[in-house]
Amino acid sequence: MFAWAASFSVAMALLKSLESLPIATVVFVRFALSILFIAPLLFGSSHTQPLKTQKMHLHALNALFRVIGIWATYYAYSRLPMGLAASIGYTGPMIAIILAMVLLREKVGWRKWVAVIIGYMGVLVMVQPEQAHVNLAVFVALLANLCSSLAKVTTKEITKTDTVPQVIFYGNLGALIISCAFAGYYWEMPAAGEWPLLIAIGFAGSLSQFSYVKALDAGNVSLVAPFEYLRLLFAIPVGILLFEEALTQHHITGCFIIVGCSIYLTWREIQRNKQKNDASMVQESEKKICKDS
């Protein structure tokens, strides 16, 4: 999740530098490059049938959620101030946790809810978003959160049987196919100096997706989602270096709140897994005693 937060922040910063290009062009190139980046991992694996899957319908659904989520995210960040877009984006973890409870039947205790809410308070302390008029971009940012959360839920379900490279390959392939219609209509050939930035966005976007899927493969959605707050810890130095944003006392205070909540969530998950392991060991011991008797 640290790798995801860093690469996501870099991709969004680069996107702000390409505001002259249509979103359709940037998104299309991003998905195309992601397929090129992930193909060696997929076809270079030890699997004899790297493209074989039993969940093509979920891959298609995941691709649909991903393309809508990324289009909406890119649109929001290109139309809104970085602080306002980021503050709206941090409603995503709570949406993801609710969907995980409803769709994946994950158990979320009150302690985790409290930590998530406190973490979001830390984001508000940190960002101090300006009072802005509600416009289309605000609703698009909320749509991005919903679709991204749905993509996380479907991704978690797919990773139960398919590999991480498969999830990324099919997700980007489906998203690329869907994007073709919009890219063909809004396409604008990038200038020679814009291609390096596009390639960097494609690489950073691919790395962020790979890191997030690996995190979902290792932990459940309700654990992974709150760590999205970490992206703001990387956005601060990126903003200072590239956009000459000042570091304030609010940023420092918010950092401590977010880091503290993330550490607590990690500790709670470690304790929960330890209790599960202890319980399973007790059950195995009891079964062995019964067999011996």
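The rules behind each value
Residues numbered from 1 in each chain as written. Predicted model: local features only at pLDDT ≥ 70, side-chain atom pairs only at ≥ 80, totals over all residues. Heavy atoms only, no water. Phe/Tyr/Trp six-rings, centres within 6.5 Å; stacked < 30°, edge-to-face > 60°. Helix = DSSP H or I, 4+ residues; strand = E, 2+ residues; numbered from the N terminus. Buried < 20%, exposed > 50% of the residue type's maximum accessible area, 1.4 Å probe, protein only. Polar contact = N/O pair within 3.5 Å; in protein donor to acceptor, adjacent residues only side chain to side chain. Contact = heavy atoms within 4.5 Å. pLDDT = per-residue confidence, 0-100.

Talk me through the packing of aromatic side chains; I want residue IDs and the actual numbers.
Within the structure shown, the criterion is met by 4 aromatic pairs. Centroid distance Trp4 to Phe8: 5.4 Å. Interplanar angle 25 degrees. Geometry classified as stacked. With a gap of 4 residues between them, Trp4 and Phe8 both fall in helix H1 (residues 2-16), about one helical turn apart. Overall, the relative accessible area of 7% leaves Trp4 in the buried class. According to the relative accessible area criterion, Phe8 is buried, its value standing at 14%. Centroid distance Trp4 to Tyr212: 5.3 Å. Interplanar angle 80 degrees. Geometry classified as edge-to-face. With Trp4 in helix H1 and Tyr212 in helix H9 (residues 195-218), this pair connects stretches of sequence that are 208 residues apart. Each member of the pair, Trp4 together with Tyr212, is buried.

With reference to specific residues and values, describe the side chain of Arg30.
Take Arg30: it is sitting in helix H2 (residues 23-43). A polar side-chain atom of Arg30 sits 2.3 Å from a polar atom in the side chain of Ser34. In terms of polar contacts, Arg30 uses its side chain to reach the backbone carbonyl oxygen of Gly205, at 2.9 Å. In this structure Arg30 touches Arg66, Ile70, Tyr74, Asn172, Ile201, Gly202, Gly205, Ser206 and Gln209, once residues within four positions along its chain are discounted.

Any details on the confidence of the model for the chain? Residues and values, ideally.
Averaged over all residues, the pLDDT of the chain equals 76, while 76% of them reach at least 70. Of all the helices and strands in the chain, helix H4 (residues 82-89) carries the lowest mean pLDDT, 65, while H9 carries the highest, 86.

Please provide a residue-by-residue account of the side chain of Ser179, values included.
Assignment of secondary structure puts Ser179 in helix H8 (residues 164-186). A relative accessible area of 1% means that Ser179 is categorised as buried. A polar side-chain atom of Ser179 sits 2.8 Å from the main-chain carbonyl oxygen of Ala175. Once you skip the residues sitting within four places of it in the chain, Ser179 turns out to touch Val27, Phe28, Phe31, Val67 and Trp71.

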